[in-house]
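Read off the chains here:
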Amino acid sequence: MKTIYCIGELLIDFVAIKQGNDLSKAKEFTKKAGGAPANVACAISKLGGKGQFIGAVGNDPFGTYLLNVLKENRVDISLAQRSKTFTTMAFVSLAEDGERDFVFSRGADKKLKYDSKLKKQLKGNIVHFGAATGFLGGGLEEAYDRYIFDAITQNAFISFDPNFRGDLWKGEEECFIKKCLRFIGKSQLCKFSNEEIQLITGEPDIEKACNIVHELGCPIICVTLGGEGTLVSTVDKKTTVKSIEVTPLDTTGAGDAFIGCLLYQIANIGDPHLILKDYDQLIEMVSFANRAGAITTTGYGAIPSLPEHDAVFKS
Ligand code: ATP
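Residues numbered from 1 in each chain as written. Predicted model: local features only at pLDDT ≥ 70, side-chain atom pairs only at ≥ 80, totals over all residues. Heavy atoms only, no water.

## Regarding the site of the ligand
- Within the structure, the ligand sits among 20 residues, and Lys 191, Thr 224, Gly 226, Ser 243 and Asn 290 are positioned closest to it.
- A distance of 2.8 Å is found between an oxygen atom of the ligand and a backbone nitrogen or oxygen belonging to Gly 226.
- Here an oxygen atom of the ligand sits 2.9 Å away from a polar atom, N or O, in the main chain of Gly 229.
- Within the complex, 83% of the 620 Å² of free accessible area of the ligand lies under protein.
- Those elements giving two or more residues to the shell around the ligand turn out to be helix H8 (254-266) and helix H9 (279-296).
- Considered class by class, the residues forming the shell around the ligand number six nonpolar, twelve polar and two charged. (Near = heavy atom within 4 Å. Polar contact = N/O pair within 3.5 Å; in protein donor to acceptor, adjacent residues only side chain to side chain. Areas by Shrake-Rupley, 256 points an atom, 1.4 Å probe, with all protein chains shown as cover. Helix = DSSP H or I, 4+ residues; strand = E, 2+ residues; numbered from the N terminus. Nonpolar A, V, L, I, M, F, W, Y, C, P; charged D, E, K, R; others polar.)

As structure tokens, this is what we get:
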């Protein structure tokens with residue numbers, strides 16, 4: 001079984017307990033572990049795979065809490081880093097008009113230092129780049145630029161999820177798009193939401209948007225469509241793979257569960273690049289990944305709701 005290295009942010013989400021207030025009025029918050037790449041590493045490890053997290057948290061109690069959450073979920077954190085800078089925090093509330101009010105306090109995640117030890121370990125394995133903060137500058141962005149180069153030279157299978165957060169890129173969307181395009185062209189697998197692929201390609205028709213992404217050099221694209229399932233696109237074929245029916249309570253982390261479950265299966269076929277030649281197997285894998293995404297919506301919070309192996313593969 002191959003290891004899947006998930007590189008990016010691990011942070012505290014402070015979510016207002018009483019929704020319907022903007023942050024200026026919210027009084028109490030719950031502390032939750034957040035960060036898409038960390039969620040993906042948990043999704044893989046909960047399924048029984050080898051998920052490794054590479055990222056930085058502060059040398060403070062919040063950093064300790066976050067690393068403990070990953071450990072409890074069997075994620076390998078041996079290459080995670082502690083920084084003197086405080087742990088990154090996001091404060092979130094839904095205001096009365098349904099708009100998300102958001103304050104982001106960026107700390108340790110941007111202090112990640114490139115670690116040359118990882119380069120050899122990447123050989124033939126899988127690397128997932130999915131940080132919402134990955135293109136916001138600092139050490140994390142530098143590490144991204146170097147690790148993708150290492151991944152290519154080590155023949156690793158590269159997966160990319162842009163995780164666009166409008167709150168973080170207001171007025172700077174063009175810069176975000178430019179940075180994404182570099183990673184898309186080097187990846188074997190890209191996972192987008194509907195809105196992300198439209199934003200990045202400037203093409204409202206999803207199938208045409210997929211063709212633009214293929215022209216950039218990415219051979220496998222998954223566009224997640226919530227309850228509608230996932231559009232899978234390769235250069236020759238496109239299929240919408242249906243999801244299962246569920247009653248969703250909270251959709252947070254569904255996309256991370258989806259990509260985690262897909263990568264878990266790709267890690268189990270020997271050489272991950274073989275999936276590029278087996279469309280039928282890819283479709284079968286996506287239908288299991290849809291189940292993982294769907295199950296995650298049936299509980300509150302991302303990490304606690306990620307499914308264990310049998311819930312996805314044996315029911
Ligand atoms: P995120 O919300 O984590 O940013 P995303 O928008 O990429 O991620 P979704 O499209 O919400 O992710 O969900 C990922 C996958 O989970 C979908 O492709 C689908 O297969 C499954 N899924 C999500 N919501 C539902 C639902 N309501 N019913 C059935 N399946 C769902």
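## A short note on the sheet that holds strand E7 (residues 89-94)
- A sheet is described by the order of its strands in space; here four strands give the open sequence E3-E2-E7-E8, paired in mixed fashion. With partners counted over all chains shown, the strands left at the sheet margins are strand E3 (29-34) and strand E8 (100-105), one partner each. Put simply, the sheet's adjacent strands are angled 20 degrees from each other on average, direction ignored.
- Here strand E2 (residues 11-16) runs beside E3; their pairing, made up of six bridges, is antiparallel. Its bridge partner being in E3, Ile 12 is matched across the sheet by Ala 33.
- In the packing of helix H2 (residues 61-72) onto the sheet, the strands contacted are E2, E3 and E7, and the crossing angle to E3 comes to about 55 degrees. (Pairing = 2+ DSSP bridges. Axes fitted to C-alpha atoms, helices over the stretch in contact; angles between N-to-C directions. Contact = heavy atoms within 4.5 Å.)

## With respect to the state of the cysteines
- In the structure shown here, the tally under the stated rule is zero disulfides.
- Here Cys 42 stays free of any disulfide, with the sulfur of Cys 6 as its closest cysteine sulfur at 9.1 Å. (Disulfide = S-S within 2.5 Å.)

## Describing the packing of helix H1 (residues 36-46) against H8
- Two elements in contact, H1 and H8, have axes separated by 8 Å at closest approach and are oriented at 50 degrees. With respect to H8, the element H1 is oriented oblique. H1 and H8 meet at a crossing whose hand is right-handed. Residues Ala 36, Asn 39, Val 40, Ala 43 and Ile 44 of H1 touch H8, and the partners they reach there are Asp 256, Ala 257, Ile 259, Gly 260 and Tyr 264.
- Along the lines of polarity and charge, the residues of the contact of H1 with H8 split into seven nonpolar, two polar and one charged. (Parallel < 35°, antiparallel > 145°, perpendicular 65-115°, else oblique. Left-handed = near helix turned anticlockwise from the far one by under 90°.)

## Some points on helix H7 (residues 206-216)
- Among the residues of H7, Ile 206, Ala 209, Cys 210, Val 213 and His 214 are the ones counted as buried. On an axial view of H7, the arc spanned by its buried residues comes to 145 degrees, and they lie on one face.
- At its buried positions, H7 is contacted by helix H5 (173-184), strand E11 (189-193), helix H6 (194-201), strand E12 (220-224), strand E13 (230-233) and strand E14 (238-241).
- One or two residues past the end of H7 sits Gly 217, with phi positive at roughly 120 degrees. (Buried < 20%, exposed > 50% of the residue type's maximum accessible area, 1.4 Å probe, protein only. Arc of directions from axis to C-beta.)

## Focus: the environment of Pro 304
- With respect to the element layout, Pro 304 can be found in the loop between H9 and helix H10 (309-313).
- On the basis of relative accessible area, Pro 304 is assigned to the exposed category, the value being 67%.
- In this structure the C-alpha to C-alpha distance between Pro 304 and Ala 33, which are 271 residues apart in sequence, comes to 9.8 Å.

## Side note on the sheet that holds E11
- Spatial ordering of the open sheet is given by E4-E1-E9-E10-E11-E12-E13-E14, a layout of eight strands whose pairing is mixed. Of all the strands in the sheet, just strand E4 (50-54) and E14 have a single pairing partner and so form its edges. Adjacent strand axes in the sheet meet at a mean angle of 20 degrees, parallel and antiparallel pairs treated alike.
- Relative to strand E9 (residues 126-129), strand E1 (residues 3-7) is paired through four bridges, and the arrangement is parallel.

## As for the side chain of Asn 39
- Looking at the secondary structure, you find Asn 39 in helix H1.
- Residue classification places Asn 39 among the buried residues on the basis of a relative accessible area of 6%.
- Apart from the residues within four sequence positions on either side, Asn 39 is in contact with Asp 256, Ala 302, Ile 303 and Leu 306.

## A word on the nonpolar core
- Among the nonpolar cores identified, the biggest contains 49 residues, and Leu 10, Leu 70, Leu 189, Leu 262, Ile 266, Leu 282 and Val 286 are the most heavily contacted of them.
- In terms of residues, this core owes the most to one element, H8, which gives eight residues.
- Among residues more than four places away in sequence, those in contact with Leu 10 are Gly 34, Ala 38, Phe 53, Ala 56, Val 57, Leu 66, Leu 67 and Leu 70.
- Counting residues in hydrophobic clusters, the runner-up holds 40 residues, among them Ala 56, Tyr 147, Ile 184 and Val 213. (Core = buried A, V, L, I, M, F, W, Y, C linked by side-chain atoms within 4.5 Å.)

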